[in-house]
2 protein chains.
Amino acid sequence: MIITKKKVEFHTPWFELVAKTVHDPSDPSGKDESYYSISANDYVCILALTPEEKIIMVKQFRPSVEDYTLELPAGYVDNGETPLHASQRELQEETGYLCKDVELLGCLQPDTGRLGNHQWCFFAKNVILEAHNEANTEKGITRVLLTKAELKEYILAGKFKHALHLASIYLAILNNKIIL
Amino acid sequence: MIITKKKVEFHTPWFELVAKTVHDPSDPSGKDESYYSISANDYVCILALTPEEKIIMVKQFRPSVEDYTLELPAGYVDNGETPLHASQRELQEETGYLCKDVELLGCLQPDTGRLGNHQWCFFAKNVILEAHNEANTEKGITRVLLTKAELKEYILAGKFKHALHLASIYLAILNNKIIL
């Protein structure tokens, strides 16, 4: 299959909607088809544990789902930034926690049907709260600390239902970083 | 937080790009902000096992990522259709396998930052190939059967990297349907 044409149909500050024309060389009589996808910078998320082995989550209002959600600290990789740095930056900005040793768990495709970017999944332990940041987090974001047993209970009860971050948690389990 | 305005900025046959204006009642001096999200029907995916405990996957070209991907059978819920029926239909259309007893593993949010829909995750065992469909699958889709050991190896090696479906596989593990 060959992409013969790409056209940006709509710009936003965070992503572009792109129409791609796909040609199948094995089907000379076939009609070229148009597919719409979202082009954006890569995502990062970080599974971060405090020295007490609590998992750091964030609660925030998400206009897409029109509700408050519970998620791992996460965000876009900025232009020119490494995914690793983005994971450290997002953790600090959203929760006030600092992490020195960050490990890459894997690089996933968030939604092959719609999104062209990747999600870089990171893990860090022994993360430490900034001295001057006992209470503050990014505007609109509430820091939530869960035990591993609570996280498992939340997943099974449908209270934690962020698919992309659930996949990252599973990568951490498969890589023997955490046991739920 | 309140959504005060919604405007469809772009239509495609599969989704709409919507601009939502969000107002924060707790911040009277704050400026209302615009967020862009994708509005679409819900997704389904199905983790289906043959009587020999092989996992049924599909390989196909995905214009969004401009590559061939390995995924669970999956797709949109049609208008007026139940998620459960959609999972049975997608399995049959994409792989030729029939399943009678389908169990819901959970309902996840695919991407709270961008997508407003849900992903319904299903599980079925002892699925049977249609008698007249030994070779055929949907145009452009290749059926792939993996053992559980192979799937685990593929995940760890980054050869299976579909985040949404990885989350569904983890739900199957947490619900004691499968051990990888």
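One can find the structure itself at the top, above this paragraph.
Residues numbered from 1 in each chain as written. Chains lettered and ligands numbered in written order. Predicted model: local features only at pLDDT ≥ 70, side-chain atom pairs only at ≥ 80, totals over all residues. Heavy atoms only, no water.

A. Molecular detail of the pattern of salt bridges. All names here are of chain A. One pass over the structure, following the stated rule, counts 22 salt bridges over all chains. Here Glu 71 makes a salt bridge to Arg 62, at a shortest N to O gap of 2.9 Å. The salt bridge partner of Arg 89 is Asp 78, with a shortest N-O separation of 3.6 Å. Within this pair, whereas Arg 89 is found in helix α1 (residues 83–95), its partner Asp 78 is found in the loop between β7 (74–76) and α1, the two being separated by 11 residues in sequence. (Salt bridge = Lys/Arg side-chain N within 4 Å of Asp/Glu carboxyl O. Helix = DSSP H or I, 4+ residues; strand = E, 2+ residues; numbered from the N terminus.)

B. Just the sheet that holds strand β10 (residues 119–124) of chain B, in detail. Residues and elements named next belong to chain B. On the basis of which strands lie adjacent, the open sheet formed by 4 strands has the order β7-β4-β10-β9 and mixed pairing. Across the chains shown, the open sheet's two edge strands, defined by having one partner strand only, are β7 (74–76) and β9 (102–108). Direction aside, neighbouring strands of the sheet carry axes that sit 20° apart on average. Note: β9 against β10, 6 bridges, orientation antiparallel. Bridging from a neighbouring strand, Leu 108 pairs with Gln 119 of β10. The strands touched by helix α3 (residues 163–174) are β4 (43–48), β7, β9 and β10; relative to β9, the strand with the most contacts, the crossing angle is about 125°. (Pairing = 2+ DSSP bridges. Axes fitted to C-alpha atoms, helices over the stretch in contact; angles between N-to-C directions. Contact = heavy atoms within 4.5 Å.)

C. Layout of the relation of the copies chain A and chain B. Mapping chain A onto chain B calls for a screw motion: a turn of 180° about the axis and a shift of 0.0 Å along it, with 0.0 Å RMSD after fitting. What the superposition gives is, in effect, a two-fold axis relating one chain to the other. By C-alpha distance to the rotation axis, the residue of chain A lying nearest is Ala 167 of chain A, at 2.2 Å. (Least-squares fit on C-alpha atoms with pLDDT ≥ 70 in both.)

D. View of the interface of chain A and chain B. At the interface, 58 residues of chain A touch 58 residues of chain B. Taking both partners together, chain A and chain B bury about 5300 Å²; carbon and sulfur atoms supply 66% of that area. Scanning the region where chain A abuts chain B turns up 6 salt bridges. One salt bridge connects Lys 139 of chain B with Asp 27 of chain A, and the closest N-O pair in it is separated by 3.9 Å. Remark: the boundary between chain A and chain B carries 26 residue pairs in polar contact (both at pLDDT 80 or more). Sorting the residues of the side of chain A that touches chain B by element identifies β1 (2–11), β2 (15–23), β3 (33–40), β5 (55–62), β6 (67–71), β9 (102–108), α2 (148–156) and α3 (163–174) of chain A as the ones contributing at least two each. Of the residues assigned to the side of chain A that touches chain B, the class counts are 33 nonpolar, 12 polar and 13 charged. (Buried area = accessible area lost by both parts, 1.4 Å probe. Polar contact = N/O pair within 3.5 Å; in protein donor to acceptor, adjacent residues only side chain to side chain. Nonpolar A, V, L, I, M, F, W, Y, C, P; charged D, E, K, R; others polar.)

E. Inspection of the packing of aromatic side chains at higher detail. A full pass over the atoms with the stated rule returns 11 aromatic pairs over all chains. Geometrically, the ring pair formed by Phe 10 of chain A and Tyr 36 of chain B is tilted, given 6.0 Å between the ring centres and 55° between the ring planes. You can see Phe 10 of chain A sitting in strand β1 and its partner Tyr 36 of chain B sitting in strand β3 (residues 33–40), one on each of two chains. Grouping residues by exposure puts Phe 10 of chain A and Tyr 36 of chain B together as buried. When the centroid spacing of 5.4 Å and the interplanar angle of 70° are considered together, the rings of Phe 61 of chain B and Tyr 68 of chain B count as edge-to-face. It is Lys 159 of chain A that lies over the ring of Tyr 154 of chain A; its NZ or CZ is 4.3 Å from the centre. (Phe/Tyr/Trp six-rings, centres within 6.5 Å; stacked < 30°, edge-to-face > 60°. Buried < 20%, exposed > 50% of the residue type's maximum accessible area, 1.4 Å probe, protein only. Lys NZ or Arg CZ within 6 Å of the ring centre and 35° of its normal.)

F. Just the layout of surface pockets, in detail. Taken as a whole, the largest pocket encloses approximately 1300 Å³ of empty space. What lines the largest pocket is a set of 48 residues, among which Tyr 35 of chain A together with Trp 14, Gln 60, Arg 62 and Glu 138 of chain B lie closest to the centre. Split by residue class, the lining of the largest pocket holds 16 nonpolar, 15 polar and 17 charged. Roughly 1100 Å³ of volume is contained in the second largest pocket. Taken together, 42 residues form the lining of the second largest pocket, with Gln 60, Phe 61, Arg 62 and Glu 138 of chain A together with Tyr 35 of chain B sitting closest to its centre. Within the residue set of the lining of the second largest pocket, elements represented by two or more residues are β4 (43–48), β5, β6, β7, α1 and α3 of chain A together with β2 (15–23) and β3 of chain B. Tallied by class, residues from the lining of the second largest pocket come to 14 nonpolar, 12 polar and 16 charged. (1 Å grid on protein atoms, 1.4 Å probe; cavity = no way out; pocket = protein on both sides within 12 Å on 5 of 7 lines; lining within 4 Å. Points joined across faces, edges and corners; volume = space filled by probe spheres on them.)

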